Amino acid sequence: MDKEFKLIIDDVNGTKQISKDQLKYVLECEGEDNEEYLFEAARAVAEQIYRRDIYLRGLVEFTNYCKNDCYYCGIRHGNVNAKRYRLTEEEILGCCDMGETLGFKTFVLQGGEDPYFTDDRICQIVQKIKERHPSCAVTLSIGEKSYESYKRFYDAGATRYLLRHETADNEHYSLLHPAAMSGENRKRCLYNLKEIGFQVGCGIMVGTPYQTIDHIYEDIVFMQELKPQMIGIGPFIAHKDTPFCDEPNGSVNWTLRLLSVLRLLFPKVLLPATTALGTADVMGREKGILAGANVLMPNLSPVNVRGKYLLYDGKICTGEEAAECNVCLRNRIERIGYHVADSRGDHPDFVK
Ligand code: 5AD
Ligand code: FES
């Protein structure tokens with residue numbers, strides 16, 4: 001094994017800090033035994049806090065209408081080939097009922113930025129889910145809103161919010177998004193969410209066009225300041241109907257290494273092995289867990305809309321019923337020596 005690599009991992013693990021040079025070394029140094037040392041260190045940290053428990057979050061992709069035009073995303077407004085859909089309130093509630101039957105304690109409502117779903121409509125849906133499933137957590141992932149809107153969602157009963165910052169570097173942000181969006185506003189949203197009291201998830205794609213290690217380092221610095229409860233990362237995967245259709249996909253290996261680095265830096269953070277990771281590599285989700293991830297987000301959306309919520313090409317699980325994915329995932333988790341937790345899986349520091 002590379003001596004320097006081991007020294008860096010031990011140092012990062014001990015100090016919970018990483019320098020730009022160390023990050024560069026950890027991402028670029030080749031060799032399977034180095035990698036295994038990193039993954040093992042990250043697993044050990046996760047295990048100390050979470051044992052070998054994996055939290056399942058049931059994902060309800062309730063609308064693929066979106067007013068934004070992010071250059072990487074398959075449901076961007078400008079993609080005229082996307083077949084658009086919205087679930088009705090009844091359908092959304094039905095997904096959550098199914099989720100509870102399957103043992104899920106968290107529902108994540110994710111959608112494009114769809115003006116049809118006004119704050120009133122979102123609040124009503126959140127309230128109804130909480131009435132029917134009072135012990136479950138409701139997570140929202142519906143993009144950039146005002147402080148007041150976020151406050152209303154929180155008061156309606158949503159306690160978690162996922163909003164990837166995508167990149168902490170404002171210039172890089174502007175290369176991934178049209179001028180109507182800004183990195184500054186994105187970050188402001190995340191701070192607002194935290195201030196209101198949400199458990200907050202930020203995150204990035206690994207290998208987006210123009211991304212450099214300096215950017216990833218900036219992302220880490222940003223996350224150390226924000227102190228999110230969750231961090232979602234996955235490889236960038238090109239979508240054929242977007243401006244980035246010809247761009248190379250992000251590296252699975254870098255995603256795994258970055259997952260491990262994040263686990264070392266943020267021992268308690270909730271870290272999903274994402275669907276994008278599972279799409280880029282058939283064993284990606286298992287590899288993610290073995291690199292320190294502790295969350296999986298199976299899809300609860302009805303099968304007839306799954307093939308329409310395509311942020312990137314080749315997305316897995318678009319043909320499976322929720323019950324099928326549930327069995328499949330539980331088996332996959334057990335096969336690698338982990339098990340599905342039956343608690344809600346709030347962040348350990350979170351007192352409600
Ligand atoms: N490849 C990988 N991830 C993507 N996302 C959007 N488009 C893509 C893509 N082409 C991610 C973004 C977004 C999350 C919901 O999905 O990071 O925040
Ligand atoms: Fe969906 Fe395996 S998780 S089929």
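Predicted model only: the values in this text are computed from it and were never measured.

Draft legend 1. Here's a closer look at the overall build of the protein chain. A count of helical and extended segments in the protein chain gives 14 helices and nine strands. For the protein chain, whose C-alpha radius of gyration is 19 Å, the value lies close to the compact-globule estimate of 20 Å for 352 residues. The principal-axis extent of the C-alpha atoms belonging to the protein chain is close to 60 × 45 × 40 Å. Across the 352 residues of the protein chain, 57% fall into the buried class. On the protein chain, roughly 14500 Å² of surface is accessible, and the fraction owed to carbon and sulfur atoms is 50%.

Draft legend 2. Quick look at the site of ligand 1. Around ligand 1, the neighbouring residues are Tyr 72, Cys 73, Gln 110, Arg 164, Glu 166, Met 205, Pro 235, Phe 236, Ile 237, Leu 311 and Tyr 312. Within the contact set of ligand 1, a nitrogen atom lies 2.7 Å away from a backbone nitrogen or oxygen of Ile 237. When isolated, ligand 1 has an accessible area of 400 Å², and the protein chains bury 88% of it. Within the shell around ligand 1, the residues separate by chemical class into eight nonpolar, one polar and two charged.

Draft legend 3. Representation of the sheet that holds strand β7 (residues 230-235) in the model. The parallel open sheet is built from six strands, whose spatial order is β2-β3-β4-β5-β6-β7. The sheet terminates laterally at β2 (58-63) and β7, the two strands that pair on one side only. For this sheet the average axis-to-axis angle between neighbouring strands, irrespective of direction, equals 20°. Sheet strands touched by helix α5 (residues 119-132): β2, β3 (106-111) and β4 (137-141). Its angle to β4, the strand with the most contacts, is close to 155°. Each of β6 (199-206) and β7 touches helix α10 (residues 252-265); the most contacted strand, β7, lies at about 165° to it.

Draft legend 4. Inspection of the sheet that holds strand β9 (residues 339-340) at higher detail. Taken in spatial order, the three strands line up as β8-β1-β9 in an open sheet, and their pairing is parallel. Every interior strand has two partners, whereas the edge strands, β8 (295-296) and β9, have only one. In terms of strand pairing, strand β1 (residues 53-56) meets β9 through two bridges, oriented parallel. Its bridge partner being in β9, Asp 53 is matched across the sheet by His 339. Contacts from helix α14 (residues 322-335) reach β1, β8 and β9 within the one sheet, and its direction differs from that of β1 by about 160°.

Draft legend 5. Highlighting the side chain of Asp 114. Mapped onto the secondary structure, Asp 114 falls in the loop between β3 and α5. Classification of Asp 114 as buried rests on a relative accessible area of 3%. A polar contact of 2.7 Å, which involves the side chain of Asp 114, links it to the side chain of Arg 86.

Draft legend 6. Layout of the pairing of β3. Of all six residues that make up β3, six are buried, and the element is covered over most of its length. Here β3 shows a buried face lined by Thr 106, Val 108 and Gln 110 and a second buried face lined by Phe 107, Leu 109 and Gly 111. Bridge analysis of β2 against β3 gives five bridges, and the strand direction is parallel. If you follow Gly 58 over to β3, its bridge partner there is Phe 107. Viewed along the sheet, the connection from β2 through helix α4 (residues 89-101) into β3 turns out right-handed. Note on the crossover from β3 through α5 to β4: the handedness is right-handed.

Draft legend 7. Structural view of the environment of Leu 290. Counting through the fold element by element, Leu 290 comes out in the loop between α12 (284-289) and β8. In this structure the C-alpha to C-alpha distance between Leu 290 and Tyr 85, which are 205 residues apart in sequence, comes to 36 Å. Sequence-distant contacts of Leu 290, that is, excluding residues within four places in its chain, are made with Phe 39, Arg 43, Ile 336 and Tyr 338.

Draft legend 8. Spotlight on the packing of aromatic side chains. All chains considered together, the criterion is met by 10 aromatic pairs. Measuring from ring centre to ring centre gives 6.0 Å for Tyr 50 and Tyr 55, while their planes differ by 80°; the resulting arrangement is edge-to-face. The pair formed by Tyr 50 and Tyr 55 is uniform in burial state, with each residue classed as buried. With a centroid separation of 5.1 Å and 70° between ring planes, the pair formed by Tyr 154 and Phe 198 is classed as edge-to-face. Here Tyr 154 is found in helix α6 (residues 147-156), whereas its partner Phe 198 is found in the loop between α8 (183-196) and β6, with 44 residues between them in sequence.

Draft legend 9. Focus on the packing of α4 against α5. Across the interface, α4 lies against α5 with an axial gap of 10 Å and an inter-helix angle of 30°. Considering how the two elements wind past one another, α4 and α5 form a crossing that is right-handed. Between α4, through Glu 89, Ile 92, Leu 93, Cys 96, Asp 97 and Glu 100, and α5, the contact on the second element is made entirely by Gln 124, Ile 125, Lys 128, Ile 129 and Arg 132. Residue classes in the contact of α4 with α5 are distributed as five nonpolar, one polar and five charged.

Draft legend 10. View of unusual backbone geometry. Positive phi outside glycine occurs at Lys 16, with the angle close to 60°. Turning to its location among the elements, Lys 16 is positioned in the loop between α1 (3-15) and α2 (20-28). The exposure class assigned to Lys 16 is partly exposed, which follows from its relative accessible area of 26%. The backbone phi angle of Glu 166 is positive, close to 75°, even though this residue is not glycine. Residue placement: Glu 166 occurs in the loop between β5 (160-162) and α7 (170-176).

Each value, and the rule that gives it
- Residues numbered from 1 in each chain as written.
- Chains lettered and ligands numbered in written order.
- Predicted model: local features only at pLDDT ≥ 70, side-chain atom pairs only at ≥ 80, totals over all residues.
- Heavy atoms only, no water.
- Helix = DSSP H or I, 4+ residues; strand = E, 2+ residues; numbered from the N terminus.
- Rg over C-alpha atoms; globule rule 2.2 N^0.38 Å.
- Buried < 20%, exposed > 50% of the residue type's maximum accessible area, 1.4 Å probe, protein only.
- Areas by Shrake-Rupley, 256 points an atom, 1.4 Å probe, with all protein chains shown as cover.
- Near = heavy atom within 4 Å.
- Polar contact = N/O pair within 3.5 Å; in protein donor to acceptor, adjacent residues only side chain to side chain.
- Nonpolar A, V, L, I, M, F, W, Y, C, P; charged D, E, K, R; others polar.
- Pairing = 2+ DSSP bridges.
- Axes fitted to C-alpha atoms, helices over the stretch in contact; angles between N-to-C directions.
- Contact = heavy atoms within 4.5 Å.
- Right-handed = clockwise from strand over helix to strand, strands pointing away.
- Phe/Tyr/Trp six-rings, centres within 6.5 Å; stacked < 30°, edge-to-face > 60°.
- Left-handed = near helix turned anticlockwise from the far one by under 90°.

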